[in-house]
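Here are the chains, one letter per residue:
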Amino acid sequence: GGGKDGKDAANTDIHKIIRMVVEKNYDPVIVFSFSKRECEALVESLHKIDLCNEDEKKLVDTIYSASLDNLNEEDRRLPQVVNLLPLLRRGIGLHHSGLLPILKEAIELLFQEGLLKVLVATETMSTGLNMPARTVVFTSPRKFDGSGYRWISSGEYVQMSGRAGRRGKDDRGLVILMMDERMDPAVAKDMLHGRSDPLDSAFHLTYSMILNLIRVEGAEPENLMTSSFAQFQSDRNLPKLEAAAEALAVARDAVEVEDGEAVADFVNLRDTLAVLQSERRDILNLPAHAVPFLQPGRLARVCTRDPRSVSAEAASAGEDGGAAAVAAAGVGAEWGMVVNFERSGTEYLVDVLVMVSEQAVEKKSPAAGSTVHSRFQIKSIDSSGDDAPAADADGGDTGSEVCEPRVVQVPLSQLDCLSSVRVYSPKDLRPIEARLRVQKSLAEVLRRFPDGVPRLNPEEDMKVEGAQFRKLVRRIEALEGMLTRHPLAGSETLPLQLEAFSKKRDLALQCKIAKREAKAASGMILRDELKHRRRVLRRMNHVSEDGVVLTKGRVACEMTTADELVATELIFNGTFKELDAEMCVALVSALVWREAGPDIGEVKLSEESKEVHNKLRDTARLVGKQVSECKLTIDVNEYVDSFRPDLMDMVRAWSTGTKFAEIMKLTTLFEGSVVRAIRRMEEVMRQLGTACRVIGETELEAKFEECSAMVKRDIVFVDSLFL
């Protein structure tokens, strides 16, 4: 949840903190925020603060003016350039990736000269720049990591807080941490005194890497992979994986199930019923049926894990499709409340308030030694926050478990069912008090319906029709009858027998996964992926059956900034050749710009750009299908949608000579983001030109050189102040 009042309160607090810091001579201060928009809002809230005297203001004017010497008059009148100077003259700076590069450099110079007393920045400011301060302020201890909000790790805290204290000037640094919610002591202890983030290899295979290694005599991809840090980490982790697999095997064999055959028969019936119920759930979760009922306040039963992930894990362990379906169908579910929903590409994401526990610290994944950040686990709505500390697999204490109502985002497929009951949903769910009130409301609903919360009727409420669905419902009813008539149905020992059977089966699956991971770690890393990628290169005529790099492969070798397979196909299918230079620039922008945005159908495009983008999508779909058929994990639709058209009309206008101020009216993006995108485009066009030269396409090479010259101008490519 969010609200204006909450933001105003935060801005008032930061105003008071900065006043206190300046009055006590604890400046300069860096204020870290984890959002570019929040940085902008914080700076706007400081409009009444003036920290520079007249001499300092003259110095700021001189340095800022000198920094802009290389800009033309139109660029000097850009809103971001004009609006920044009054802020800097008051001793307040702003630093994030959305700023124009030359402005960021000017701000860094002013801060290093001591002319900026307050610098509001994102965490990128804490890495790679020698810009210490006396005080550091965190506006929040939580950050969004792409899937949800989490506490910042110990390594991130140390990196940012380490900016406090200047060598040779301060005997100590001051760190102020602003809190907007309760932090568990174990979380705080780990953040302040925990170990640093582990150094893990990010080694991965690319097609251009494989092709470049193949065409060099004696430089096989396998040699590079076996010499990598990732291979070293995998070898070092092997004994742990083998020990874990052995421990799971011993634990599995130690579990005994009384009257095992009868229990297995009962479980088989129950599993079949669960699979059919999951099929019904899949039908009810189709957007046409479920989305109209995702109003705020509606009760929803949420699976503790996404059934698709559970099914994929079971399949990765070598289970067949039936066993994987049973594993997915057996996922538990708990009640929560719908808060909001949004569409992301072809998938719907639902914000739900549920009771969750969050592990207080990070722990090692048994798979490859990689760090797994603490994630939410969905609990019963009646859970309290007094759970006992959890123990790690090797007996170590991983910290206490924090259990509280929280809003989390789950895919629509993770909803088990929707209720006909709705409760009041506060507009602002950020305060813990508001979430606790909702939790009490949900607990009261569960208390009033001891036989089960009423659910939406599929046929009467959700309007699900069709003979197939009615047949599925009849099969479910028949299986429910068979279960009630089973000899074990009324047995007092049945719960204990089922618990033992389930435990044995879960341990068997975990053991199978552990053995598979140990076997994979005992050999060369990424061996199967390399084999599948080589198959892709052969099928798309980049490499011959004898492993010789062909003409298409020589082109792909030159592409390192954009998708090499799609870019190569666009050259060879004549798409680039039939377009004029301006449309080539627009097409390259779709190859480069991969950031998330609105649905592609909602992006406003000219007819020419739309036609060119459709050709790109057709090419990407062809490539995606080839990759999928070669057994590499890829969602073809997501892959196609990743080629975004958001910048096509804007960069086309830029290539025709339109001023930067004018093209910024065509987008809501930050200026710095646009500059980075155009610079990457120019790099891709140089690579495309080099690739065309390699294969003798002189006409196409000249076109890409022209494209590069068209975009390489003005503020986008102004020289750095540090050169």
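Note: the structure precedes this text.
The paragraphs below set out a description of the structure included in this document. Owing to the predicted nature of the structure, the values given are computational and were not obtained by experimental measurement.

Working definition: two side chains of opposite charge can pair if their charged atoms are close together. This model, assessed by the stated rule, comprises 35 salt bridges. Note that aspartate 416 is salt-bridged to arginine 301, the shortest N-O span being 3.3 Å. Placement of the pair is aspartate 416 in strand S15 (residues 415-422) and arginine 301 in strand S8 (residues 298-303), with a sequence separation of 115 residues. Between arginine 308 and glutamate 347 there is a salt bridge, with its nearest N and O atoms 2.6 Å apart.

Quick look at the side chain of lysine 143 now. With respect to the helices, strands and loops of the structure, lysine 143 is situated in strand S5 (residues 142-144). Looking at lysine 143, its side chain comes within polar contact range of the side chain of glutamate 156, at 3.3 Å. Not counting residues up to four positions away in its chain, the partners in contact with lysine 143 are Phe34, Glu123, Gly148, Tyr149, Arg150, Ile152 and Glu156.

The subject of this paragraph is a negative patch on the surface. Taken together, the side chains of Glu459, Glu460, Asp461 and Glu465 make up a negatively charged region of the molecular surface. Relative to the assigned elements, glutamate 460 resides in the loop between helix H16 (432-448) and helix H17 (467-484). You can call glutamate 460 exposed: its relative accessible area is 59%.

The next point concerns the nonpolar core. Residues Val31, Val120, Val566, Phe576, Leu591, Phe660 and Leu688 are the most contacted members of the largest nonpolar core, which totals 131 residues. With residues up to four places along the chain from it excluded, the contact list for phenylalanine 660 reads Asp75, Leu78, Leu100, Trp654, Glu671, Val674, Val675, Ile715 and Val716. Counting residues in each nonpolar core, the second largest holds 23 residues, with Val291, Val354, Leu412 and Leu418 among its members.

A few words on the packing of aromatic side chains. Applying the stated rule across the entire model yields seven aromatic pairs. Ring centres of tryptophan 654 and phenylalanine 660 lie 5.9 Å apart, and the angle between their planes is 85°; on these two criteria the pair is classed as edge-to-face. On the basis of relative accessibility, which here comes to 0%, the residue tryptophan 654 falls in the buried class. Judged by its relative accessible area of 1%, phenylalanine 660 falls in the buried class. Note that arginine 142 overlies the ring of tryptophan 151, its terminal NZ or CZ placed 4.3 Å from the centroid.

Pairing within the open sheet is parallel, and its five strands lie in the order S2-S3-S1-S4-S7. Looking at strand neighbours, the two that pair on one side only are strand S2 (92-95) and strand S7 (174-177), the edges of this open sheet. Going from strand to strand, the sheet's axes swing by 15° on average, the running direction of each strand aside. Bridge count between strand S1 (residues 29-32) and strand S3 (residues 118-121): four bridges; the pairing is parallel.

This part covers the packing of helix H23 (residues 581-592) against helix H29 (residues 698-711). What describes two packed helices is the angle between their axes and the distance between those same axes. At a minimum axis distance of 9 Å, the contact between H23 and H29 shows a crossing angle of 75°. The orientation of H23 relative to H29 falls into the category roughly perpendicular. Across the interface between the two elements, Ala581, Glu582, Cys584 and Val585 of H23 pack against Lys703, Glu706, Cys707, Met710 and Val711 of H29.

Running from amino to carboxyl end, H23 crosses helix H26 (residues 648-655) at an angle of 140°, the nearest separation of the two axes being 8 Å. By the angle between their directions, the pair H23 and H26 is classed as oblique. The handedness of the crossing between H23 and H26 comes out as right-handed. Residues Glu582, Met583, Val585, Ala586, Leu587, Ser589 and Ala590 of H23 lie in contact with H26, whose contacting residues are Met648, Val651, Arg652 and Ser655. The residue makeup of the contact of H23 with H26, split by class, is seven nonpolar, two polar and two charged.

The rules we used
Throughout this document, residue positions are counted from 1 along each chain, in the order its sequence is written. Whole-chain, interface and lining totals are the exception, using all residues; otherwise, since this is a predicted model, local features are given only for residues with pLDDT of at least 70 and side-chain atom pairs are given and counted only at 80 or more. Computation of side-chain values covers all heavy atoms of the structure but excludes hydrogens and water. Salt bridge, as used here, is a side-chain nitrogen of Lys or Arg placed within 4 Å of a carboxyl oxygen of Asp or Glu. Put simply, DSSP marks the helices as runs of H or I at least four residues long and the strands as runs of E at least two long, and each gets a number from the N terminus on. Pairs of N or O atoms within 3.5 Å make up the polar contacts considered here, provided that, within protein, one atom can donate a hydrogen while the other can accept it, and that residues adjacent in sequence are counted only when both atoms are side-chain atoms. Every residue pair with non-hydrogen atoms within 4.5 Å of one another is taken to be in contact. Nonpolar side chains (Val, Leu, Ile, Met, Phe, Trp, Tyr) are joined into patches within 5 Å and like charges within 9 Å, using only residues with over 30% relative accessible area and no salt bridge. Note that accessible areas follow from Shrake-Rupley with a 1.4 Å probe, and for residues the cover is restricted to the protein chains shown. Positive charges are assigned to Lys and Arg, negative charges to Asp and Glu, while His and the chain termini are left out of the count. Taken as the charge centre is NZ of Lys, CZ of Arg, CG of Asp or CD of Glu, depending on the residue. Working definition: with a 1.4 Å probe on protein chains only, accessible area under 20% of the residue-type maximum means buried, over 50% means exposed, and in between means partly exposed. Only buried residues count toward a nonpolar core, which is a set of Ala, Val, Leu, Ile, Met, Phe, Trp, Tyr and Cys residues joined through side-chain atoms within 4.5 Å. Pairing of aromatic side chains requires ring centres within 6.5 Å, counting the rings of Phe and Tyr and the six-membered ring of Trp. Pairs whose planes differ by under 30 degrees are stacked, by over 60 edge-to-face, and all others tilted. Think of it as a cone above the ring: NZ of Lys or CZ of Arg counts as a charge over the ring if it is within 6 Å of the ring centre and within 35 degrees of the ring normal. A pair of strands is considered paired only if DSSP assigns at least 2 bridges between the two. To get an axis, fit a line to the C-alpha atoms, keeping to the stretch in contact for a helix; angles then go from 0 to 180 degrees between the N-to-C directions. Geometric relationships in this document are graded by angle, where less than 35 degrees denotes roughly parallel, more than 145 denotes roughly antiparallel, 65 to 115 denotes roughly perpendicular, and other angles denote oblique. When the near helix sits turned anticlockwise from the far one by under a right angle, the crossing is termed left-handed; a clockwise turn instead gives a right-handed crossing. Classification convention: Asp, Glu, Lys, Arg as charged; Ala, Val, Leu, Ile, Met, Phe, Trp, Tyr, Cys, Pro as nonpolar; all other residues, Gly among them, as polar.

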